[in-house]
2 protein chains.
Amino acid sequence: MGILQILEPIRDEMGLVEAKLRQPLPQEHSSLTATIEHLLCSGGKRIRPALALLASRFYPTDVDKIVSLAAAVEMLHTATLVHDDLIDGALFRRGAPTLNSSWTPSMTILTGDYLFARAAFLAAETDNVQVMRIFSQTLMTICTGELEQQIEKASRDAESYYRRIYAKTAALLMAATEGAAVLSGASQGQVEALKEYGHQLGMAFQIVDDVLDFVSDKNTLGKPVGSDLAQGLVTLPTLYYLKQNPGGNSVSAVLDKSAHGPQAIAHAVNAIRQSGAIDEAMSKAQEFVQRSQQALARLPAGAAKESLHTLAEFVVQRKT
Amino acid sequence: MGILQILEPIRDEMGLVEAKLRQPLPQEHSSLTATIEHLLCSGGKRIRPALALLASRFYPTDVDKIVSLAAAVEMLHTATLVHDDLIDGALFRRGAPTLNSSWTPSMTILTGDYLFARAAFLAAETDNVQVMRIFSQTLMTICTGELEQQIEKASRDAESYYRRIYAKTAALLMAATEGAAVLSGASQGQVEALKEYGHQLGMAFQIVDDVLDFVSDKNTLGKPVGSDLAQGLVTLPTLYYLKQNPGGNSVSAVLDKSAHGPQAIAHAVNAIRQSGAIDEAMSKAQEFVQRSQQALARLPAGAAKESLHTLAEFVVQRKT
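These figures come from a predicted structure and were not determined experimentally. (Residues numbered from 1 in each chain as written. Chains lettered and ligands numbered in written order. Predicted model: local features only at pLDDT ≥ 70, side-chain atom pairs only at ≥ 80, totals over all residues. Heavy atoms only, no water.)

Peer 1: Talk me through the overall build of chain A; I want residue IDs and the actual numbers.
Peer 2: A tally of regular secondary structure across chain A gives 17 helices and two strands. Its C-alpha atoms give chain A a radius of gyration of 20 Å, near enough to 20 Å, the size a compact globule of 320 residues would have. Reported as C-alpha extents along the three principal axes, the dimensions of chain A are approximately 60 × 50 × 30 Å. Within chain A, contacts between residues at least 6 apart in sequence are counted, and of these 75% link residues at least 24 apart. When the accessible area of chain A is evaluated, it comes to approximately 12,600 Å², of which 52% is carbon and sulfur surface. Within chain A, one finds 29 positive and 34 negative side-chain charges whose respective centroids are separated by 2 Å. (Helix = DSSP H or I, 4+ residues; strand = E, 2+ residues; numbered from the N terminus. Rg over C-alpha atoms; globule rule 2.2 N^0.38 Å. Contact = heavy atoms within 4.5 Å. Areas by Shrake-Rupley, 256 points an atom, 1.4 Å probe, with all protein chains shown as cover. Lys, Arg positive; Asp, Glu negative; His and termini not counted. Charge placed at Lys NZ, Arg CZ, Asp CG, Glu CD.)

Shown next, in the form of structure tokens:
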């Protein structure tokens, strides 16, 4: 089953989500509308809206409301990227220049704020108090995670890593599937099952992202290879590598800042690539994928369940 | 009627709002909790929560919900100040060092984001979809206003000024009174009346703020006099002054950047102080106050109405 087949049950709704994301609001300054269009155009995978739509398909759901939720999670994701790129000083994302590469920090901060507001507004369009609570709780989790990442990004503690990727990625995927289940009127047990699916899948998704930062190439990534390491961010491949090679090597030298520059990064990236750390990290991602698939057991059979099952495998097989 | 008398009907609830604002959440990093405490301690007037509480007093209202709304608007206000101070490079607010004066831009951005999230979470605690919509709509208005201010802050057009102060201040005061009226189950007409009261009062409030930036002193303001002018921000006193004295003077020189530095600012501030522009701006504020009081006509008599009526006058009489 390819990605097109996975998305087949929700093809029409994905188009509606796209239209909703891009619909300019009356009070928007024209330069803001153009900026949002640029941000949305730069080719995200739209995995979050797809998850929300698929997770709503077990029961008949009001199309407008589920489309609003799906758009809300994607808009929230976009908002966090704008501030993240500014904080990291990243110049490229998905091959396109970041907002902060051409705008002032002030305009970038305010555009991110506006996207947070748009996301909250889209979430409010679900007309569902429980969804709004999930949404605002998730926003808090993401923000505390980002703050923790600033403070603890060099931590070599696996628990800190898992806490960070939960806040950074899993929490929002979980909000997408849980919120969708709530909107579709699923039973409490089924809401829990879909929430758990999103949670486990989100963990796998971020581990794969962290692996791709080592094994992919600049053109596919749309940003330099080894960006995490260059920023001093310790991810799972680095953690596994350091467990085998605690110090006195090219990786620890980059993290200790005794080595820097593109050559030192390339050297450290190669060391990790050639170690068993990549396979080990991918096995861990696969474990999370299996847990996400197990969570689906409690849900009725059908096209939505099959798509969610296959989507979980797609997450570990993807190359971008 | 002094401010203590105005607040007498809501004394207990103001205490509950304060406690809710300062209650640390389980997932918060201890340094974040300490930062929030510092931000909340620095002596805001709590005019927004007071407005929400007073506007809810016409009908019996669930205390927990109205306290959540009041805390939500104050938290949202605090969040916007954090990003504003970073953008303006302001080192002091209300006499205390700003967050950005001691933290990195990254930590300041993320703390502001977290406060937005906390505000949304508090708003969701009202369990009211209409309130959530008002809240997220207001957040969008504030953000678009900030963006517009960045683009048009030197505009000498009165319409642009009024649009900016609506977005910057009036929209949130309006959300406080409208949201409170909704939570109290007021009739549609009364909701509109309280919304209009908050709107008009907010316009007056910001004009007085803009006047105080000229006529107050550094110790009372807690920041340098003439800060707006120094940042090239044209407010109502400057607009009135420029209408009488379009160019070739100390004020236009600061705005054109042909004069700068503390002496040039002091010279321009004095020129505006000694002109009729201050009185003219205060008359305009008084007009908005009267309109806010007229909006109260549709509401039942009682302590809440009297307090709101007097609060409107307090807004123009205040010195800080």
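Peer 1: Pulling in residues and values, what's your account of the pattern of salt bridges?
Peer 2: Residue and element names in this part refer to chain A. Inspection of the entire model under this criterion finds 27 salt bridges over all chains. Residues Glu 37 and Arg 22 are paired through a salt bridge, measuring 2.8 Å at the closest nitrogen-oxygen approach. Here Glu 37 is found in helix α3 (residues 30-41), whereas its partner Arg 22 is found in helix α2 (residues 11-22), with 15 residues between them in sequence. Overall, the relative accessible area of 32% leaves Glu 37 in the partly exposed class. Each of Glu 18, Arg 22, Glu 37, Arg 46 and Glu 74 takes part in a single network of salt bridges with overlapping partners. (Salt bridge = Lys/Arg side-chain N within 4 Å of Asp/Glu carboxyl O. Buried < 20%, exposed > 50% of the residue type's maximum accessible area, 1.4 Å probe, protein only.)

Peer 1: Can you lay out unusual backbone geometry for me, pointing to particular residues and giving the numbers?
Peer 2: All names here are of chain A. At Arg 46, a residue that is not glycine, the phi angle is positive and equals roughly 60 degrees. Counting through the fold element by element, Arg 46 comes out in the loop between α3 and α4 (47-55). Backbone geometry at Lys 257 places phi at a positive 65 degrees, although glycine is not the residue there. Residue position: Lys 257 is located in the loop between α14 (250-255) and α15 (262-274).

Peer 1: Requested: an account of the interface of chain A and chain B, with residues and values cited.
Peer 2: Facing the 38 residues of chain A at the interface are 38 residues of chain B. Roughly 3,700 Å² is buried in total at the junction of chain A and chain B, and carbon and sulfur atoms are behind 76% of that figure. Of all residues in chain A, the largest losses of buried area upon contact with chain B belong to A:Leu110, A:Met140 and A:Leu147, amounting jointly to 17% of the total for that side. There are two salt bridges connecting chain A and chain B. In this structure, the salt-bridge partner of B:Asp127 is A:Arg133, at a minimum N-O distance of 3.2 Å. If you look at where chain A meets chain B, you find four residue pairs in polar contact (both at pLDDT 80 or more). (Buried area = accessible area lost by both parts, 1.4 Å probe. Polar contact = N/O pair within 3.5 Å; in protein donor to acceptor, adjacent residues only side chain to side chain.)

Peer 1: So what's going on with the side chain of B:Thr80? Residues and values would help.
Peer 2: Residues and elements named next belong to chain B. Looking at where Thr 80 falls in the secondary structure, it is placed in helix α5 (residues 63-88). A relative accessible area of 11% places Thr 80 in the buried class. Contacts of Thr 80, omitting those with residues within four sequence positions, involve Phe 116 and Ile 142.

Peer 1: Tell me what's going on with the environment of A:Leu40, and back it up with residues and numbers.
Peer 2: Among the structural elements, A:Leu40 can be located in helix α3. Residues A:Leu40 and A:Ile142 lie 102 residues apart in sequence; the distance between their C-alpha atoms is 20 Å.

Peer 1: With reference to specific residues and values, describe the packing of α4(A) against helix α9 (residues 158-183) of chain A.
Peer 2: Residue and element names in this part refer to chain A. Remark: α4 packs on α9, axes separated minimally by 7 Å, with the N-to-C direction vectors making an angle of 30 degrees. Here α9 runs roughly parallel to α4, going by the angle between their axes. Here α4 and α9 pass one another in a crossing that is right-handed. Within the contact between the two elements, α4 uses Arg 48, Leu 51, Ala 52 and Ala 55 and α9 uses Thr 169, Leu 172, Leu 173, Ala 176, Thr 177, Ala 180 and Ala 181. Partitioned by chemical class, the residues of the contact of α4 with α9 number eight nonpolar, two polar and one charged. (Axes fitted to C-alpha atoms, helices over the stretch in contact; angles between N-to-C directions. Parallel < 35°, antiparallel > 145°, perpendicular 65-115°, else oblique. Left-handed = near helix turned anticlockwise from the far one by under 90°. Nonpolar A, V, L, I, M, F, W, Y, C, P; charged D, E, K, R; others polar.)

Peer 1: How would you sum up the packing of helix α2 (residues 11-22) of chain B against helix α4 (residues 47-55) of chain B? Please name residues and give values.
Peer 2: All names here are of chain B. Contact geometry of α2 with α4 gives a least axis separation of 10 Å together with a crossing angle of 130 degrees. Here α2 lies oblique to α4, going by the angle between them. Like other packed secondary-structure pairs, α2 and α4 cross with a definite hand, here right-handed. Touching Glu 13, Met 14 and Val 17 of α2 are Pro 49, Ala 50 and Leu 53, all from α4. Partitioned by chemical class, the residues of the contact of α2 with α4 number five nonpolar, no polar and one charged.

Peer 1: Mind laying out the confidence of the model for chain A, listing which residues take part and the relevant values?
Peer 2: Residues at a pLDDT of 70 or more form 99% of chain A, whose mean pLDDT is 91. This complex was scored by the predictor with a pTM of 0.91 and an ipTM of 0.89. (pLDDT = per-residue confidence, 0-100.)

Peer 1: Which residues make up the relation of the copies chain A and chain B, and what values go with them?
Peer 2: Mapping chain A onto chain B is achieved by rotating through 180 degrees and translating by 0.0 Å along the same axis, at an RMSD of 0.0 Å. Overall, the copies show the geometry of a two-fold rotation axis. Looking at the rotation axis and the C-alpha trace of chain A, the residue lying nearest is A:Val129, at 3.0 Å. A share of 100% of interface residues in chain A that are also interface residues in chain B marks the association as one of identical surfaces. (Least-squares fit on C-alpha atoms with pLDDT ≥ 70 in both.)

Peer 1: Mind laying out the packing of aromatic side chains, listing which residues take part and the relevant values?
Peer 2: For the coordinates displayed, the defined rule picks out four aromatic pairs over all chains. Ring centres of B:Tyr161 and B:Tyr162 lie 5.4 Å apart, and the angle between their planes is 65 degrees; this geometry places the pair in the edge-to-face category. Residue B:Tyr161 shares its accessibility class with B:Tyr162, and that shared class is buried. Seen from their ring centres, B:Tyr162 and B:Phe288 are 6.0 Å apart, and the 55 degrees between their planes marks the pair as tilted. Separated by 126 residues along the polypeptide, B:Tyr162 in helix α9 (residues 158-183) and B:Phe288 in helix α16 (residues 277-295) bring together distant segments of the chain. The pair formed by B:Tyr162 and B:Phe288 is uniform in burial state, with each residue classed as buried. Ring pairs connect the aromatic residues A:Tyr161, A:Tyr162 and A:Phe288, which therefore count as one cluster. Sitting over the face of the ring of A:Phe288, A:Arg291 holds its NZ or CZ atom 4.7 Å from the ring centroid. (Phe/Tyr/Trp six-rings, centres within 6.5 Å; stacked < 30°, edge-to-face > 60°. Lys NZ or Arg CZ within 6 Å of the ring centre and 35° of its normal.)

Peer 1: Which residues make up the environment of B:Gln137, and what values do they have?
Peer 2: Counting through the fold element by element, B:Gln137 comes out in helix α8 (residues 129-152). For the pair B:Gln137 and B:Ala175, spaced 38 residues apart in the sequence, the C-alpha separation amounts to 9.1 Å. If we ignore the near neighbours within four places in the chain, the residues touching B:Gln137 are A:Gln27 and A:Phe121.

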